[in-house]
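Listed here are the chains, written in short residue letters.
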Amino acid sequence: MKLMIIAIFLASLTSMCGTERDMETEHTEVVHEEQTLALNGTERWKADEPINRHIAQLQGMVQEFNAQAENNSAAAYNDLGTSMKAEMQGLFKDCRMKGPAHDMLHVYLMPLVEDVNLLDGNDEHQSEAAFTRVNERLKAFNQYFE
């Protein structure tokens, strides 16, 4: 059941990406689960300004969360998860990237989306582990995108 909810959320976020495109072209770029995050040869992928802005916002949320000592409860992780979900919805809404860079962006984002969803859970230990992965994933953005 939990996987089904995550799959539905991922599908809704993916379908929101590039809402300005018509439905026919929106679904021509397929991201396969087998893809792994990699550089564009030896170069980083080009991300557009809205993507960079939203990622910077997410990184800022994580830094602010880390700076507050009282953020070690399930409620704090839930609040962070709710805020991050809203920011990620904006990211997908503003996405205008196309081609291989767009596909690799989705490869980067899918594990992040899954972990952000876990922040919103009732298990504090699971949320804490998800937060650690979110933190590491957001730090890795600049290794793969510019």
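Since the structure is predicted, the reported quantities are computational estimates derived from the model, not experimental observations. (Residues numbered from 1 in each chain as written. Predicted model: local features only at pLDDT ≥ 70, side-chain atom pairs only at ≥ 80, totals over all residues. Heavy atoms only, no water.)

Novice: Would you mind showing me how to read the packing of helix H3 (residues 49-67) against helix H4 (residues 74-94) here?
Specialist: Two quantities define a packed helix pair, namely the angle between the helix axes and the distance between the axes. With their axes 9 Å apart at the nearest point, H3 and H4 run at an angle of 175 degrees to one another. When the axis of H3 is compared with that of H4, the two are roughly antiparallel. On the side of H3, the interface is formed by Pro 50, Ile 51, Arg 53, His 54, Ile 55, Gln 57, Leu 58, Met 61, Val 62 and Phe 65, while H4 contributes Ala 76, Tyr 77, Leu 80, Ser 83, Met 84, Glu 87, Met 88, Gly 90, Leu 91 and Asp 94. In the contact of H3 with H4, the residues fall into 13 nonpolar, 4 polar and 3 charged. (Axes fitted to C-alpha atoms, helices over the stretch in contact; angles between N-to-C directions. Helix = DSSP H or I, 4+ residues; strand = E, 2+ residues; numbered from the N terminus. Parallel < 35°, antiparallel > 145°, perpendicular 65-115°, else oblique. Contact = heavy atoms within 4.5 Å. Nonpolar A, V, L, I, M, F, W, Y, C, P; charged D, E, K, R; others polar.)

Novice: It is not clear to me how the packing of aromatic side chains should be interpreted in this structure. Could you clarify?
Specialist: Describing an aromatic ring pair means giving the distance of the ring centres and the angle of the ring planes. Following the criterion strictly, the structure yields 6 aromatic pairs and no others. Summarising the aromatic geometry, the rings of Phe 65 and Tyr 77 are spaced 5.3 Å apart at their centres and angled 40 degrees between planes, so their arrangement reads as tilted. Here Tyr 77 lies in helix H4 and Phe 65 lies in helix H3, a separation of 12 residues in the sequence. On the basis of relative accessible area, Tyr 77 is assigned to the buried category, the value being 5%. (Phe/Tyr/Trp six-rings, centres within 6.5 Å; stacked < 30°, edge-to-face > 60°. Buried < 20%, exposed > 50% of the residue type's maximum accessible area, 1.4 Å probe, protein only.)

Novice: What is the right way to look at the environment of Asn 117 in this model?
Specialist: Its place among the elements puts Asn 117 in helix H5 (residues 99-119). Along the backbone, Asn 117 and Met 84 are 33 residues apart, and their C-alpha atoms lie at a distance of 9.1 Å.

Novice: Just to check I follow, could you spell out the nonpolar core for this structure?
Specialist: The tendency in soluble globular proteins is for nonpolar side chains to be buried side by side. Ile 51, Ile 55, Met 84, Tyr 108, Leu 109, Leu 138 and Phe 145 are the most contacted members of the largest nonpolar core, which has 35 residues in total. Secondary structure elements with two or more residues in this core: H3, H4, H5 and helix H6 (124-144). Not counting residues within four places of it along the chain, the set of residues in contact with Met 84 comprises Leu 58, Met 61, Val 62, Val 116, Leu 119, Val 134 and Leu 138. (Core = buried A, V, L, I, M, F, W, Y, C linked by side-chain atoms within 4.5 Å.)

Novice: Got a minute to help me understand the pattern of salt bridges in this structure?
Specialist: Side chains that differ in charge, positive against negative, can pair when their charged atoms come close. For the structure on display, the rule yields 7 salt bridges. Between Glu 146 and Lys 46 there is a salt bridge, with the nearest N and O atoms lying 2.6 Å from each other. Placement of Glu 146 in the segment after H6 and of Lys 46 in the loop between helix H2 (23-26) and H3 is noted, with a sequence separation of 100 residues between them. With relative accessibility at 31%, the residue Glu 146 sits in the partly exposed group. The exposed category is assigned to Lys 46, whose relative accessible area is 58%. The shortest N-O distance in the salt bridge between Arg 133 and Asp 115 comes to 2.8 Å. (Salt bridge = Lys/Arg side-chain N within 4 Å of Asp/Glu carboxyl O.)

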